[in-house]
Each structure stands twice: as C-alpha cells, then as structure tokens.
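As a plain string of letters, each chain reads:
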Amino acid sequence: EKQNRELEQTNSLIHAKTRKIQADLKLASQIQINMVPQRNPVLKNADFAYFYKPSKALGGDFFDFIHMEGKKKLGIFISDVSGNGVAAALITGMIKTLIENAGKNKRFPEKMLQYLNQKIYGHTNEKYLTSFYGIYDTQTKILSYSRAGQPYPLLIRNQKIMPIKSLGGLIGFWKKMDFEK
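Caption draft 1: Main features of the overall build of the protein chain. Summing up its helical and strand segments, the protein chain has three helices and six strands in all. In sequence order, the protein chain lays out its α and β elements as α-β-β-α-α-β-β-β-β. A compact globule built from 181 residues should have a C-alpha radius of gyration of about 16 Å, whereas the protein chain, at 20 Å, is more than 25% larger. Referenced to the eigenvectors of the C-alpha coordinate spread, the extents of the protein chain come out at roughly 80 × 35 × 30 Å. Burial analysis of the protein chain (181 residues in total) assigns 37% to the buried set. The long-range fraction of contacts in the protein chain, counting pairs at least 24 apart against all pairs at least 6 apart in sequence, stands at 56%. Within the structure as shown, the protein chain displays about 11900 Å² of accessible surface, and the carbon and sulfur contribution to it stands at 53%. Separation of charge centres in the protein chain, based on 28 positive and 15 negative side chains, amounts to 7 Å.

Caption draft 2: The packing of helix α2 (residues 86-100) against helix α3 (residues 109-120), seen in detail. Packing of α2 against α3 leaves a shortest axis separation of 11 Å and a crossing angle of 130°. By the angle between their directions, the pair α2 and α3 is classed as oblique. Handedness of the crossing formed by α2 with α3: right-handed. Two secondary-structure elements touch here, α2 through M94, I95, L98 and I99 and α3 through M112, Y115, L116, K119 and I120. Across the contact of α2 with α3, the residue classes tally to eight nonpolar, no polar and one charged.

Caption draft 3: Quick look at the environment of K17. Within the secondary structure, K17 sits in helix α1 (residues 2-34). The spatial distance from the C-alpha of K17 to the C-alpha of Y136 is 48 Å, given a sequence separation of 119 residues.

Caption draft 4: Spotlight on the nonpolar core. Judged by nonpolar contacts, the single largest core of 33 residues is most densely connected at I95 and L116. Setting aside chain neighbours within four positions, we find I95 in contact with F62, F77, L116, I120 and L129.

Caption draft 5: Broad picture of the pattern of salt bridges. Tallying each qualifying case throughout the model produces six salt bridges. For the salt bridge of K96 with D64, the shortest nitrogen-to-oxygen distance reads 3.0 Å. Of this pair, K96 sits in helix α2 while D64 is found in strand β1 (residues 59-68), placing the two residues 32 residues apart along the sequence. You'll find K96 and D64 in the same group, each marked buried. Between K73 and D137 there is a salt bridge, and its shortest N-O distance comes to 4.0 Å. Of this pair, K73 sits in strand β2 (residues 73-84) while D137 sits in strand β3 (residues 129-137); the two residues are 64 residues apart in sequence, bridging distant segments of the chain. On the basis of relative accessible area, K73 is assigned to the partly exposed category, the value being 23%. Overlapping salt bridges bring together D64, K96 and E100 as one network.

Caption draft 6: How the structure looks around the packing of aromatic side chains. Across all of its chains, the model carries ten aromatic pairs by this definition. For the pair Y50 and F65, a centre-to-centre distance of 5.8 Å together with 55° between the ring planes defines the contact as tilted. Placement of the pair is Y50 in the loop between α1 and β1 and F65 in strand β1, with a sequence separation of 15 residues. Here Y50 falls in the partly exposed class, since its relative accessible area comes to 29%.

The rules behind these values
Residues numbered from 1 in each chain as written. Predicted model: local features only at pLDDT ≥ 70, side-chain atom pairs only at ≥ 80, totals over all residues. Heavy atoms only, no water. Helix = DSSP H or I, 4+ residues; strand = E, 2+ residues; numbered from the N terminus. Rg over C-alpha atoms; globule rule 2.2 N^0.38 Å. Buried < 20%, exposed > 50% of the residue type's maximum accessible area, 1.4 Å probe, protein only. Contact = heavy atoms within 4.5 Å. Areas by Shrake-Rupley, 256 points an atom, 1.4 Å probe, with all protein chains shown as cover. Lys, Arg positive; Asp, Glu negative; His and termini not counted. Charge placed at Lys NZ, Arg CZ, Asp CG, Glu CD. Axes fitted to C-alpha atoms, helices over the stretch in contact; angles between N-to-C directions. Parallel < 35°, antiparallel > 145°, perpendicular 65-115°, else oblique. Left-handed = near helix turned anticlockwise from the far one by under 90°. Nonpolar A, V, L, I, M, F, W, Y, C, P; charged D, E, K, R; others polar. Core = buried A, V, L, I, M, F, W, Y, C linked by side-chain atoms within 4.5 Å. Salt bridge = Lys/Arg side-chain N within 4 Å of Asp/Glu carboxyl O. Phe/Tyr/Trp six-rings, centres within 6.5 Å; stacked < 30°, edge-to-face > 60°.

So this is what it looks like as structure tokens:
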C-alpha cells in the first residue's frame, strides 16, 4: 500500500509538471505568433496579402514587413529555421531582434542576409536559416531581393505568376556567404 501511495504521488507530480510544460509551450506559441505582423501593410500603389499558419506549435517559421523612407519602400522578410520546436523558436526570436537592429543593412537585401549570416553563424548549434528578403519601391514599382536557400517566392502581377529566382546559400551554415542581389 505504501508503494501505491508513492506511485500515486509520483504520478500526480508528473501530471502537474506536464501541465506546466504544456502551459509554457502554449504561451511560447502565442508569443511567437505575436512576433509576426497581424495585418497587411498599407502602401500607395501596391496591395499585399499573406497567409500565415505555422506548421507546429513552436518552430522556425517567420516573416516581417519593414517600412522604410516614410512608407515609400517596404522590406519583406521571410524565413524558416531548420527543424521545429523550442530551439527553432528561439533562433526565430534572435532573427526578429537582429532585423530590428540591422540599421543600414535593411536597405540592401544582399547586405541584410550577409549581416544575419555573420551574426548567427556559430550561435545556432548547427541549425541554419533559409530566407528571402525583398524591398519593394512603391514609386518605381521595382522589387530588389536576395534569397538564401528559401524556395522561390512567387510574384503575382497582372494575373501572371512568376517565380522570383536568385542564388544564395543557407544562413548560419557557412562563416562567409555572399548573396545575389
């Protein structure tokens, strides 16, 4: 009977810890969802739309919009950290912070990706990042971009779908990496 009580206490303790972990994961998932934009950017001469649904409760899926020059230009950042779970989510948080502190690198897609590579290389325990960063100029209607291993994004213009192709390796995988602009 003493063994049964000890087993019940241990079982109860395990269930309590499991509930705590589940609550923490749910909160972390909500925080991660709150890191991405909650509405479409509103710009003159352009319409933007997106659909975001993470593949797991916690993971490495991330995107952001970066307004520049009084909303004359819009940076579009899309990325995915290899793997899922807590580690990928933490790296995503790092990326969000790095983007916010990228300074002048935000104005040049290839420099932004180089900056991110320099900052995360050696800090992600063999995880890496695929990414696309484009800057749309609402006045010239030109999209400048660089890609780092991310599948080709699609541009829809005048009811035509066009893949946006460029070369670029994975971020955080090699110490020095150049990206096509």
